[in-house]
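Residue-level listing of the chains:
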Amino acid sequence: MLNYKDFKTFEALYKDHFIFFSLVSFNIVKDKDVAKDIVQDFFTYLWEKEESLNFTISFKAYGTKAIKNLSLQYLEKNKTVSLQNTKIATPKSEEPTAFENIEEDKKPKIQTLIDKIPQSRREIFISHVVEGLSYQEIAEDNNISVNTVKTQMKRAYASLRESQNISQLKFILYFIWLIK
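Analysis parameters
Residues numbered from 1 in each chain as written. Predicted model: local features only at pLDDT ≥ 70, side-chain atom pairs only at ≥ 80, totals over all residues. Heavy atoms only, no water. Helix = DSSP H or I, 4+ residues; strand = E, 2+ residues; numbered from the N terminus. Buried < 20%, exposed > 50% of the residue type's maximum accessible area, 1.4 Å probe, protein only. Areas by Shrake-Rupley, 256 points an atom, 1.4 Å probe, with all protein chains shown as cover. Expected span 1.5 Å × (residues − 1). Polar contact = N/O pair within 3.5 Å; in protein donor to acceptor, adjacent residues only side chain to side chain. Salt bridge = Lys/Arg side-chain N within 4 Å of Asp/Glu carboxyl O. Axes fitted to C-alpha atoms, helices over the stretch in contact; angles between N-to-C directions. Left-handed = near helix turned anticlockwise from the far one by under 90°. Contact = heavy atoms within 4.5 Å. Nonpolar A, V, L, I, M, F, W, Y, C, P; charged D, E, K, R; others polar. Core = buried A, V, L, I, M, F, W, Y, C linked by side-chain atoms within 4.5 Å. Parallel < 35°, antiparallel > 145°, perpendicular 65-115°, else oblique. Phe/Tyr/Trp six-rings, centres within 6.5 Å; stacked < 30°, edge-to-face > 60°. Lys NZ or Arg CZ within 6 Å of the ring centre and 35° of its normal.

Novice: For this particular structure, what's the right way to read the overall build of the protein chain?
Specialist: When helices and strands are tallied, the protein chain shows eight helices and zero strands. Going residue by residue from the N terminus, the α and β elements of the protein chain occur as α-α-α-α-α-α-α-α. The buried share of the protein chain, reckoned over its 180 residues, is 31%. Carbon and sulfur atoms provide 52% of the accessible area of the protein chain, an area that totals close to 11,800 Å².

Novice: Would you explain helix H2 (residues 32–49) in this entry?
Specialist: Residues that lie three or four places apart on an α-helix share one face, since the helix turns once every 3.6 residues. In a regular helix each residue adds 1.5 Å, so 18 residues correspond to 26 Å; H2 covers 26 Å between its end C-alpha atoms and thus fits that length. Between the side-chain oxygen at the start of H2 and the backbone nitrogen of aspartate 33 there is a gap of 3.0 Å, and the oxygen is on aspartate 31.

Novice: What's the story with the pattern of salt bridges in this structure? I'm lost.
Specialist: Side chains that differ in sign of charge can pair as their charged atoms come close. Evaluated as defined, the whole model comprises one salt bridge. With a shortest N-O distance of 3.5 Å, lysine 15 and glutamate 11 are connected by a salt bridge. With a gap of four residues between them, lysine 15 and glutamate 11 both fall in helix H1 (residues 7–29), about one helical turn apart. Lysine 15 gets classed as exposed once you look at its relative accessible area, which sits at 57%.

Novice: What's the story with the packing of H1 against helix H3 (residues 59–78) in this structure? I'm lost.
Specialist: Relative orientation and spacing of two packed helices are given, respectively, by the angle between their axes and the distance between those axes. Where H1 meets H3, the closest approach of the two axes is 9 Å, and the angle between their N-to-C directions is 35°. As H1 packs across H3, the resulting crossing turns out to be right-handed. Contacts from Leu13, His17, Phe20, Phe21, Val24, Ser25, Ile28 and Val29 of H1 reach H3 at Phe59, Lys60, Gly63, Thr64, Ile67, Lys68, Ser71, Leu72, Tyr74 and Leu75. Residue classes in the contact of H1 with H3 are distributed as eleven nonpolar, five polar and two charged.

Novice: Would you take a moment to explain H3 for this structure?
Specialist: With 20 residues, H3 should cover 28 Å at 1.5 Å per step; its first-to-last C-alpha distance of 28 Å lies within 8% of that length. Taken together, the buried positions of H3 are Phe59, Gly63, Thr64, Ala66, Ile67 and Ser71. In this fold, the buried residues of H3 make contact with H1 and H2. Looking one or two residues past H3, lysine 79 carries a phi angle of roughly 45°, positive in sign.

Novice: Just checking my understanding: could you explain the nonpolar core for this structure?
Specialist: Soluble globular proteins tend to bury their nonpolar side chains together. Counting 17 residues, the largest nonpolar core has Phe21, Val39, Phe42, Phe43, Leu46, Phe59 and Ile67 as the members making the most contacts within it. In contact with valine 39, other than residues within four places in its own chain, are Phe18, Phe21, Ser22 and Ile67. Core analysis: the second largest hydrophobic core is formed by twelve residues, Ile117, Val129, Ile138 and Val149 among them.

Novice: How do you make sense of the packing of H2 against H3 when you look at a structure like this?
Specialist: Contact geometry for H2 and H3: axes closest at 10 Å, N-to-C directions at 125°. Accordingly, the angle class assigned to the pair H2 and H3 is oblique. In this structure, H2 meets H3 at a crossing whose hand is right-handed. Here Val34, Ile38, Val39, Phe42, Phe43, Tyr45 and Leu46 of H2 come into contact with H3, specifically with Phe59, Tyr62, Gly63, Ala66, Ile67, Leu70, Ser71 and Tyr74. Across the contact of H2 with H3, the residue classes break down as 13 nonpolar, two polar and no charged.

Novice: Would you mind going over the packing of aromatic side chains with me for this structure?
Specialist: Ring pairs (aromatic) are described by centroid distance and by the angle formed between their planes. In total, this model carries ten aromatic pairs according to the counting rule given. Seen from their ring centres, tyrosine 14 and phenylalanine 43 are 5.0 Å apart, and the 70° between their planes marks the pair as edge-to-face. Of the two residues, tyrosine 14 sits in helix H1 while phenylalanine 43 sits in helix H2, which places them 29 residues apart along the sequence. Judged by its relative accessible area of 3%, phenylalanine 43 falls in the buried class. The interplanar angle of 55° and the centroid separation of 6.0 Å between the aromatic rings of phenylalanine 21 and phenylalanine 59 together place this pair among those described as tilted. Taken as a pair, phenylalanine 21 in helix H1 and phenylalanine 59 in helix H3 lie far apart in primary sequence, 38 residues in all. Through pairs of rings, three or more aromatic residues link up here, namely Tyr14, Phe18, Phe20, Phe21, Phe42, Phe43, Phe59 and Tyr62. If you follow lysine 60 out to its NZ or CZ, it ends over the ring of phenylalanine 20, 4.4 Å from the centre.

See the structure below:
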C-alpha cells in the first residue's frame, strides 16, 4: 500500500484523481459544490486513516466505489429530488451555450478538438457532455440503442485522447463540467 503520509505521494494522488472523482460524484448528486465536498471528505478520510486502510484493488477502483457510496449516502441523508424525472423545457434562445464563459482564445482550440470527431459521434458527444442528456434520452432522440450511444461516447473520448495529451483532455472535461 502506498504511504499516503508522504505528502508528495498524497498530493500526486489528489491531483491525478480529483477531477475524475468529482465527475463520478457529480453524476450522482448533480451539484458541483457538493461533489467537490464529497471528494474532499474522501481524501481527508484517506489522510487520517492511512494506517488502517488496506485494499487489494487499484486506488482508482477503490476511490470510485467509495465516492459512489459517499454520494449515495449524501442523497439518502438529504433526500434530494431528482430532476431527471421532471424535464423542464427552456426555449432554445434562453439555453446557455457551452462556450459562453470560455475565454476567447480557448474557444478555437476546444472547437478544433471537437470538430475532429466524426459528425454523428460529435452530435451524440455534445448531446451528452454539453446538453446533459442521458444515454437513454439520446438513444430515443436518435432512434438508436443505448449500447450504440455508449459505444459512440467511448469512441469519442478515445479520439479526443488520441488527438490531445491527457492533461489537456482533463482540462477540457473539467472545463465542460464547470460550465454545465
